[in-house]
Amino acid sequence: MRELKIEYLINNIIVVSFLILLSTWFYIKYVNAHRVSRLQLTYKPIWALFAFLIPFFNLVAPYKIMNELWTVQNRDMSIDHNGKIIIKTWCILSVMIVIASRYLSIQANQVEGLKAFLTFEYYYLFFYLVSLHYFLETRKLVKMIGA
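Residues numbered from 1 in each chain as written. Predicted model: local features only at pLDDT ≥ 70, side-chain atom pairs only at ≥ 80, totals over all residues. Heavy atoms only, no water.

A. Expanded view of the layout of surface pockets. There is about 650 Å³ of room inside the largest pocket. Lining the largest pocket are 26 residues, with Val15, Leu19, Ile97, Val98 and Ser101 sitting closest to its centre. Secondary-structure elements contributing two or more residues to the lining of the largest pocket are helix H1 (2-36), helix H3 (57-73), helix H4 (80-108) and helix H5 (114-145). Looking at the lining of the largest pocket, its residues break down into 18 nonpolar, seven polar and one charged. (1 Å grid on protein atoms, 1.4 Å probe; cavity = no way out; pocket = protein on both sides within 12 Å on 5 of 7 lines; lining within 4 Å. Points joined across faces, edges and corners; volume = space filled by probe spheres on them. Helix = DSSP H or I, 4+ residues; strand = E, 2+ residues; numbered from the N terminus. Nonpolar A, V, L, I, M, F, W, Y, C, P; charged D, E, K, R; others polar.)

So, in structure tokens, the structure goes:
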């Protein structure tokens, strides 16, 4: 049980660090998009900073903001469709990670015995694989939109 709590703590530290970096990048890019775009963007830049933190808002806002960043920053129309697909995949993975993390945090407190521990570890392994795919999709988007 102690190992599980340490693993859970390390996971939370990594996720919080990632969210801080991504939120900061979101904010900086969205401020820049407001400056250079003639389009009326959906949110004020400060909302980009908190887009991942506010419950229920975090299910819609990151997708809209990323889509708007893509619309403003994309200069090559030949990759427009590919970019939109990557953004949709990124958004679906975001929702999956939120749901899976909530489920796993509830299950972590109920693990007793070896069989339950191993089952929980399999769920966590799946969660890590989805998270890895999410991080790779995020990396693609950051590179495509511009670091």
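B. Region of the structure containing the packing of aromatic side chains. As enumerated under the stated definition, the model contains 14 aromatic pairs in all. Considering the side-chain rings of tryptophan 25 and phenylalanine 26, the 6.1 Å spacing of their centres and the 40° angle between planes classify their relative orientation as tilted. Exposure class is identical for tryptophan 25 and phenylalanine 26. Each is buried. Ring geometry for phenylalanine 52 against tryptophan 90: centres 6.2 Å apart, planes inclined by 90°, an arrangement best described as edge-to-face. Taken together, the residues span a long stretch of sequence, with phenylalanine 52 in the loop between helix H2 (45-49) and H3 and tryptophan 90 in helix H4 at a distance of 38 residues. Judged by relative accessible area, which is 0%, tryptophan 90 ranks as buried. Put simply, the rings of Phe18, Trp25, Phe26, Phe52, Trp90, Tyr134 and Phe135 pair up and form one aromatic cluster. (Phe/Tyr/Trp six-rings, centres within 6.5 Å; stacked < 30°, edge-to-face > 60°. Buried < 20%, exposed > 50% of the residue type's maximum accessible area, 1.4 Å probe, protein only.)

C. Quick look at the packing of H3 against H4. Put simply, H3 and H4 touch, their axes get as near as 10 Å, and they point 160° apart. Accordingly, the angle class assigned to the pair H3 and H4 is roughly antiparallel. Our pair here, H3 against H4, has a crossing hand that is right-handed. Residues Leu59, Pro62, Tyr63, Met66, Asn67, Trp70 and Thr71 of H3 pack against Asp80, Gly83, Lys84, Ile87, Lys88, Trp90, Cys91 and Val95 of H4. Class assignment of the residues belonging to the contact of H3 with H4 gives a composition of nine nonpolar, three polar and three charged. (Axes fitted to C-alpha atoms, helices over the stretch in contact; angles between N-to-C directions. Parallel < 35°, antiparallel > 145°, perpendicular 65-115°, else oblique. Left-handed = near helix turned anticlockwise from the far one by under 90°. Contact = heavy atoms within 4.5 Å.)

D. Region of interest: the side chain of glutamine 73. Assignment of secondary structure puts glutamine 73 in helix H3. Accessibility expressed as a relative area gives 16% for glutamine 73, which makes it buried. In contact with glutamine 73, not counting residues within four places along its chain, are Asn32 and Ile145.

E. Just the nonpolar core, in detail. Trp25, Phe26, Ile65, Met66, Leu69 and Trp90 are the most contacted members of the largest nonpolar core, which totals 34 residues. Put simply, the parts of the chain that give this core at least two residues each are H1, H3, H4 and H5. (Core = buried A, V, L, I, M, F, W, Y, C linked by side-chain atoms within 4.5 Å.)

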